[in-house]
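Spelled out from the first residue to the last, the chains are:
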Amino acid sequence: MQVSHKPSAVSVSFDEPNLVSAAGLLPVMTLARDAGLHGLADEWLSVPTDKGANAGLKVASLVAGMVAGADSIEDMALLRHGGMKRLFSACYAPSTLGSFLRSFTFGHVRQLDAVASRFLANLGTRAPLLGAPAASDFVFVDVDDTIIEVHGYSKQGSGYGYSGVRGLNALLAIASTKDTAPVIAAQRLRKGAANSARGANRLITDALSTLKRVHVGGRVLCRFDSAFYGHAAVSAALAGGAEVSVTARMDPAVKRAIAGIPDTAWETIEYTDAVFDEAASTWVSKAEVAETVFTAFSSRRKAEQITGRLVVRRIPELNPKTADGQETLFDTHRHHAFFTTVDAEVLDTVAADKTHRKHAIIEQVNADLKDSSLAHLPSGVFAANSAWLVAAVMAYNLTRAAGILAAGSFGKARTGTIRRKLIHVPARIATSARRIRLHLPEAWPWKTPWQALSDHLYPPPRPA
């Protein structure tokens, strides 16, 4: 591509009142309106004084800015340009939205959590977020935390957690099926130095409650890593009607159970894609799996003990000096175990191991959020950042629903891809016969999915 004009033949002026840079916000925010975002926020939020007035419009403004890529309060100014006020009412200034967020307390954040839960359920009635799983299919609920890096010592609650990075800790619960991309069912912001499992039992309860509102079929399987291997998290999942698959810590009871597995029980598996073993600095493509009956939390009273299966994957310990002729006298292995309550008739040993490893899907959601609205936590006030996280989750779920309605590859695309191809579409606004018409770029490569999204929300008139 080459510039077709000389510098002397080009001039620029910011004076067109009928242009918008993100025309995709129109169908997306129409979807948000139809899913009741404004009404839910007005009903549930009780932020005091004039800062909390028109809560529904202010929450919708925050969500709209995040859908369009805003990752700070200042970025909310993108809602106030060109013809945006012809498409939307109440395009609030960034300072107004910032004051609104800083008026939140912990109780108001929990109110916003209630809005997010019901908003997700309403989106599920307008777009098949989790498809239509059969009674025998699994709906996976994955729980994990991530550190959101912050800078400056004025950030309330910031600290150095397990990653060694100074930040705040976000705990997320996502829901997905084998055929659908994940949506976020629950969220919580915590201090940077918080233990991963802190408050996880309440979050799991909230996530399973939200999932019931979405009214999907199938059986629910909660997947956790070893940070959540504790009675509180596991019992919360079981009490919510879900089954559990959780990585087990190598405590003495687990080690004894692994030692009791006979050599004939191990079954060789192959990874579809080789896994890089950091400890041995090599690629591993084969491993062995076996299982044994196991009672978790046996140190607790009998009523609190949980019986299930301990599935173990072992990988050979490679001797780096084998090439020099120093063969090992006997084979040694490293073991990775997880505890599950799923019956072997439903998931055999190999299938259970493969299913548990897919818990890593939550890392894609973490990366997606940090590539958009969670690139920063913009306020120095902890409650304001907590509310920002909830708004970011609503924007993520809304973008995911819009991608599903656009169909094709957008059903599983990252939100950044949806934003780039469907949201950030420039348009010129024209009015004729009291109807608004958007003139979008000719030969836009993603015209068909954009039109599909628009037609879901603005159905074309039926022929007479």
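Thresholds applied
- Residues numbered from 1 in each chain as written.
- Predicted model: local features only at pLDDT ≥ 70, side-chain atom pairs only at ≥ 80, totals over all residues.
- Heavy atoms only, no water.
- Helix = DSSP H or I, 4+ residues; strand = E, 2+ residues; numbered from the N terminus.
- Buried < 20%, exposed > 50% of the residue type's maximum accessible area, 1.4 Å probe, protein only.
- Contact = heavy atoms within 4.5 Å.
- Areas by Shrake-Rupley, 256 points an atom, 1.4 Å probe, with all protein chains shown as cover.
- Lys, Arg positive; Asp, Glu negative; His and termini not counted.
- Charge placed at Lys NZ, Arg CZ, Asp CG, Glu CD.
- pLDDT = per-residue confidence, 0-100.
- Salt bridge = Lys/Arg side-chain N within 4 Å of Asp/Glu carboxyl O.
- Patch = residues over 30% accessible without salt bridge, like charges linked within 9 Å, V, L, I, M, F, W, Y side chains within 5 Å.
- Phe/Tyr/Trp six-rings, centres within 6.5 Å; stacked < 30°, edge-to-face > 60°.
- Lys NZ or Arg CZ within 6 Å of the ring centre and 35° of its normal.
- Polar contact = N/O pair within 3.5 Å; in protein donor to acceptor, adjacent residues only side chain to side chain.

Asker: How should the overall build of the protein be read in this particular structure?
Answerer: Summing up its helical and strand segments, the protein has 14 helices and 13 strands in all. Each of the three principal axes of the protein carries a C-alpha extent, and together these read 85 × 55 × 55 Å. Of all 464 residues assigned to the protein, the portion counted as buried reaches 50%. Across the protein, every contact between residues at least 6 apart in sequence was considered, and the portion connecting residues at least 24 apart equals 66%. Split by element, the accessible area of the protein, about 22900 Å² in all, is 52% carbon and sulfur. Here the protein contributes 51 positive and 42 negative side-chain charges, whose respective centroids are spaced 9 Å apart.

Asker: Looking at this structure, I do not really get the confidence of the model for the protein. What am I missing?
Answerer: Detailed conclusions should not be drawn from predicted coordinates in areas where pLDDT is low. Of the residues in the protein, 94% have a pLDDT of 70 or more, and the chain-wide mean is 91. When mean pLDDT is compared element by element in the protein, helix H12 (residues 382–406) scores highest at 97, while strand E8 (residues 267–277) scores lowest at 73.

Asker: How do you make sense of the pattern of salt bridges when you look at a structure like this?
Answerer: Proximity of charged atoms lets side chains of opposite charge pair with each other. Throughout the structure, instances matching the rule amount to 18 salt bridges. Its salt-bridge partner being Asp113, residue Arg188 comes within 3.5 Å of it at the nearest N-O pair. Placement of Arg188 in strand E5 (residues 180–190) and of Asp113 in helix H6 (residues 106–126) is noted, with a sequence separation of 75 residues between them. Take Arg188 and Asp113: they sit in the same class, and that class is buried. Put simply, Arg190 and Asp145 hold a salt bridge, and the shortest N to O gap is 3.5 Å. Taken as a pair, Arg190 in strand E5 and Asp145 in strand E2 (residues 138–149) lie far apart in primary sequence, 45 residues in all. Overlapping salt bridges, with partners in common, bring together Arg110, Asp113, Arg188, Arg202 and Asp206 in one network.

Asker: Please clarify how a nonpolar patch on the surface should be interpreted in this entry.
Answerer: There is a patch of nonpolar side chains on the surface, built from Val10, Val12 and Phe14 and spanning about 410 Å² of accessible area. On the basis of relative accessibility, which here comes to 48%, the residue Val10 falls in the partly exposed class.

Asker: Please clarify how the packing of aromatic side chains should be interpreted in this entry.
Answerer: Aromatic ring pairs: the centre-centre distance and the angle between the two ring planes describe each pair. One pass over the full model with this rule turns up 6 aromatic pairs. Summarising the aromatic geometry, the rings of Tyr229 and Phe297 are spaced 5.3 Å apart at their centres and angled 35° between planes, so their arrangement reads as tilted. Pair noted here: Tyr229 is in the loop between strand E6 (219–224) and helix H8 (231–239) and Phe297 is in the loop between strand E9 (282–296) and strand E10 (306–316), with a separation of 68 residues, a long-range link. Among the residues examined, Phe297 registers a relative accessible area of 13% and is labelled buried. Pairing Trp444 with Trp446 gives two aromatic rings, centres 5.6 Å apart and planes at 70°, and the pair type is edge-to-face. The cationic tip of Lys58 hangs over the ring face of Tyr92; the distance from NZ or CZ to the ring centre is 5.6 Å.

Asker: When you look at the environment of Thr210 in this model, what are you seeing that I'm missing?
Answerer: Here Thr210 shows up in helix H7 (residues 200–214). Along the chain, Thr210 and Ser285 lie 75 residues apart, while their C-alpha atoms are 38 Å from each other. In this view, Thr210 contacts Ser117, Leu120 and Ala185; residues no more than four positions away in its chain are not counted.

Asker: Help me understand the environment of Thr295 in this model?
Answerer: Tracing the backbone through its elements, the reader meets Thr295 in strand E9. Thr295 sits in the partly exposed class, given a relative accessible area of 30%. Linking Thr295 and Ile315, residues 20 residues apart in sequence, is a C-alpha distance of 24 Å. In this structure Thr295 touches Gln305, Ile306 and Thr307, once residues within four positions along its chain are discounted. A polar atom in the side chain of Thr295 sits 3.5 Å from the side chain of Thr307.

Asker: I tried to follow unusual backbone geometry on my own but got confused; where do I start?
Answerer: Phi is mostly negative for residues that are not glycine, and the peptide bonds are mostly trans. Although it is not a glycine, Ala407 adopts a positive phi angle of roughly 70°. Tracing the chain through its elements places Ala407 in the loop between H12 and helix H13 (415–423). The residue Arg434 is not glycine, and still its phi comes out positive at about 60°. Inspection of the secondary structure assignment puts Arg434 in the loop between strand E12 (427–432) and strand E13 (435–439). Overall, the relative accessible area of 87% leaves Arg434 in the exposed class.

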